[in-house]
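Below are the chains, spelled out letter by letter.
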Amino acid sequence: MAIKGKPADSKRSALPIFIVLGLCAFFYILGAWQRSGFGKGDSIALEITKQTDCSVLSNLNYETHHGVDVGKAEDDTQVKIIEPCDDRYIDYTPCQDQARAMTFPRENMNYRERHCPPDEEKLHCLIPAPKGYATPFPWPKSRDYVPYVNAPYKSLTVEKAIQNWIQYEGNVFRFPGGGTQFPHGADAYINDLAAVIPMDSGMVRTALDTGCGVASWGAYLFKKNVIAMSFAPRDSHEAQVQFALERGVPAVIGVLGTIKLPYAARSFDMAHCSRCLIPWGSNNGIYMMEVDRVLRPGGYWVLSGPPINWKTNYEAWQRPKEELQEEQRSIEETASRLCWEKIHEKGETAIWRKRLNIDECPSRGSEVAMCDAKNPDDVWYKKMETCVTPYPNEAAITEWKPFPERLNLVPARITSGSIPGVTAETFEEDNKACKKHVSAYTRINKILDSGRYRNIMDMNAGLGSFAAALDNPKLWVMNVVPTISELGTLGAISERGLIGIYHDWCEAFSTYPRTYDLIHASGLFSLYKDKCGFEDILIEMDRILRPEGSVIIRDQVDVLNKVLKIVKGMRWKTKLVDHEDGPLVREKVLFAVKQYWVAGDKGNSTSSR
C-alpha cells in the first residue's frame, strides 16, 4: 500500500502504520532519557529510528474518526501549569505525614496508620526529586546498591551497624543482606526456612513481611521465585520502606494497628515477622487473627525473635523472663484457637501452619468467635475485630498449584462463582486482551521488558492479566484494585501468585515519592470521573513516578482528552495514539514520560545535571 504518493515498494510500508507511528512517537519521547542510569534508551531509539522512516508523521493524516486530532497539541494558552512544590516536600507522603500523625492517639499504633489530608490541605503541586537524583541500578545490582543522593539518610547505618542492614560507602548505600535475626545473611536464613517450607518447588509463591525494615528478606526471596509484600510504618527507622523500593523490592508504608490490612482474604502463602515488634499475644490475639484472615488455608506463619526460645535468650534481650514467658504463652494459645499447627521450632525461629480446611479443625468454631462470613475482603478503613474469618466453602478453596502453573489457571474464586459476572470465559478473554495490549506496548516501548523498569504499578488491575502478560524476573507489578470497583477481584489476583492491594485513588498511595518506574492505568479515569478530580489523581501519579519514568493510560478518547489538558502542564512528554486495532476504536492509549527535573528547578523544561 502506498502512503501519500510514495511507491508501494517503499521500505516505509514494511511495518503496519500504527506501529510506525507509535515507534516514532515513543522514541521522540525517549530523547530526554540520556540521563538514565541504565543508559539503553537512547541506543535503542537510535537503532529503531534508523530502521523506521519517521517522516511519515508529517505526511500522514492522523485524525481519528472521533473528531479528535490525537497528534495535535493543546493550545498552550489554555494549559494550566502545575508548579513544583517547595523543596521541603521532597519525601512527602500525604497520608503518612509525620506532623499530622502526631495529632492522633498512640494507642495500638493508631498514629502510624493512614491519616490523609482533607481536600483543602492537599498540595496541588509537583514533588521535586532531590538534587543529583540518579536512576536506580538495574536489578539485581539494585538489591545491593542504592545511590546515596536518592535517599540521603545515614541514621540506619549507625543504628543498625552491628546488624549488617545497611552500610554507607562513598556515593552509594550497600545492603549486605544482613538483619537482626539473620546474622549469617538473608540467604542462609531463607535456606533454613526452605528446609521446612516448600519454597523451592513453587508451592509457596507469595509472602507477607510485617515490619520489614529495609526488606532484605523480601529482596533475597526472589532467588526462590517467591514475591513478598513487605510493609513497615513511616520512620520507625528512617526511610526503611523508601530504601526497600529504591532496591527494587515490593513494599508499602503500613502497620498492624487498628485497621484491617488492605489485602483480600487468603492472599498469601506465607507470612513472616522477624523482630517486627508487633505484640502478637496482646489484645486477645487480634493481630494473629488478621494474619489468619490474609493467610490461605495451608499457609505458613514464621515468627523469628522474641519471645521464641526465651529461656535461652531473655538475658541477651534484656527483658524479664516472666514477661517473655507470658508473651509466648499468649501466642501459643492464640495459635491453638486459630487451629494453627506448630511444625517447627529451632533457635529463635518458630513456624506454624494454618489447617487446610475446617474438617481438620472441628473445634475452631467453638473456641473463638467467628467473623461475619459475608465479605472478608471488605477492609478499607474497617476496624480489626477479635474474631476469626471462616474458611470459604470448599468450591472456593484453591488446590495448591506451583508457580508459574497457577499464573494462568482460572482462580477458584471465579470457578466457584464468588465474583459475580466473571466466568472462566471472561478470565480467558481478559488474559488474551492483555497479552495483545502488552505486545502492542512492547512494539512501541522496546525497553519495556529490558530491565529498565523494575517497579511497575497497575492502578486498575482487574484480574491481574496485565501483570501476568508482563511476567518477567526482571520486574514485579503492584496490582491495585480500586475500592470503588464493582467487583472485588483482588483475591483472584492473589490466587494467580501475584501481589496486590486495595486503594482509593481519591487519596494518596502509601508509598514514598519516586518509587515506581512504570505506571499502567486502564479505564481508571473513566472509573473515577464522577468521584474525584483528575488533577489530584495525576499529581499523585507524578509523585510516585520516578524522573524519566513512564506512564501508559488506556481509556476512552473523550476521557483522555481531559487528562491531556492537565498533563500538558505537568512536565510530562506525551503522545496520544490509536488503539492497536485501529482508529475506529474509541479507546486510545496515552504514552507519557516524566521529564528529569530536581529541587531548585523553576522552569518547565528538562534540567541538566
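Quick caveat: nothing in here was measured; it's all calculated off a predicted structure.

Our next topic: the packing of aromatic side chains. Considering all chains together, one arrives at 18 aromatic pairs under this definition. Judged by centre distance (5.0 Å) and plane angle (55°), the rings of tyrosine 148 and tyrosine 168 are tilted. One end of the pair, tyrosine 148, is in the loop between β1 (145-147) and α6 (155-159); the other, tyrosine 168, is in strand β2 (residues 167-169), with 20 residues separating them in the sequence. Tyrosine 168 gets classed as partly exposed once you look at its relative accessible area, which sits at 35%. Summarising the aromatic geometry, the rings of tyrosine 168 and phenylalanine 173 are spaced 5.8 Å apart at their centres and angled 55° between planes, so their arrangement reads as tilted. Taken together, the ring pairs in this structure connect Tyr148, Tyr168, Phe173, Phe175 and Phe243 into an aromatic cluster. The lysine or arginine in question, lysine 141, covers the ring of phenylalanine 137, its NZ or CZ lying 4.4 Å from the ring centre.

Across all of its chains, the model carries 33 salt bridges by this definition. A salt bridge links arginine 100 to glutamate 121, with the nearest nitrogen and oxygen atoms 3.3 Å apart. Here arginine 100 is found in helix α4 (residues 98-101), whereas its partner glutamate 121 is found in the loop between α4 and α5 (141-144), with 21 residues between them in sequence. Using a relative accessible area of 15% as the deciding quantity, one classes arginine 100 as buried. A salt bridge links aspartate 517 to arginine 546; the nearest nitrogen and oxygen atoms lie 2.7 Å apart. With aspartate 517 in strand β14 (residues 516-522) and arginine 546 in strand β15 (residues 545-556), this pair connects stretches of sequence that are 29 residues apart. Judged by relative accessible area, aspartate 517 falls into the buried class, the value being 6%. For arginine 546, a relative accessible area of 3% translates into the label buried. Shared partners join several salt bridges into a network, and the residues in it are Asp119, Lys122 and Asp536.

Taken as a whole, the largest pocket holds about 920 Å³ of empty space. Surrounding the largest pocket, 44 residues form its lining, Ser274, Arg275, Cys276, Leu277 and Ile278 being those nearest its centre. Counting only elements with at least two residues in the lining of the largest pocket, the list comes to α8 (216-221), β5 (227-232), β7 (268-274), β8 (295-304) and α11 (310-317). With three residues, β7 is the largest single contributor of residues to the lining of the largest pocket. Here the residues of the lining of the largest pocket are counted per class, giving 23 nonpolar, 16 polar and five charged.

Scanning the model with the defined rule gives six disulfides in all. Paired by a disulfide, cysteine 85 and cysteine 125 hold their sulfur atoms 2.0 Å apart. Disulfide cysteine 85 to cysteine 125: torsion about the S-S bond roughly 100°, handedness right-handed. Taken together, the residues span a long stretch of sequence, with cysteine 85 in the loop between α3 (56-59) and α4 and cysteine 125 in the loop between α4 and α5 at a distance of 40 residues.

Bringing the pairing of strand β16 (residues 572-578) into the picture now. The side chains of a regular strand alternate between the sheet's two faces. Among the seven residues of β16, six are classified as buried, and the element is accordingly described as predominantly covered. Direction of pairing for β16 relative to strand β17 (residues 587-594): antiparallel, over a ladder of seven bridges. Note that in β17 the partner of threonine 574 across the bridge is alanine 592.

Our next topic: empty space enclosed by the protein. With the rule as written, the count across this model stands at seven cavities of 30 Å³ or more. In this model, the largest cavity occupies a volume close to 260 Å³. If you trace the largest cavity, you find 19 residues lining it, with Pro94, Lys122, Leu123, Ala508 and Glu540 closest to the centre. Its residues assigned to classes, the lining of the largest cavity comprises 13 nonpolar, one polar and five charged. Here the second largest cavity is characterised by a volume of approximately 120 Å³. Residues belonging to the lining of the second largest cavity are distributed by class as follows: six nonpolar, five polar and five charged.

What counts as what
Residues numbered from 1 in each chain as written. Predicted model: local features only at pLDDT ≥ 70, side-chain atom pairs only at ≥ 80, totals over all residues. Heavy atoms only, no water. Phe/Tyr/Trp six-rings, centres within 6.5 Å; stacked < 30°, edge-to-face > 60°. Helix = DSSP H or I, 4+ residues; strand = E, 2+ residues; numbered from the N terminus. Buried < 20%, exposed > 50% of the residue type's maximum accessible area, 1.4 Å probe, protein only. Lys NZ or Arg CZ within 6 Å of the ring centre and 35° of its normal. Salt bridge = Lys/Arg side-chain N within 4 Å of Asp/Glu carboxyl O. 1 Å grid on protein atoms, 1.4 Å probe; cavity = no way out; pocket = protein on both sides within 12 Å on 5 of 7 lines; lining within 4 Å. Points joined across faces, edges and corners; volume = space filled by probe spheres on them. Nonpolar A, V, L, I, M, F, W, Y, C, P; charged D, E, K, R; others polar. Disulfide = S-S within 2.5 Å. Pairing = 2+ DSSP bridges.

Purely spatial values, then, with no claim about function.
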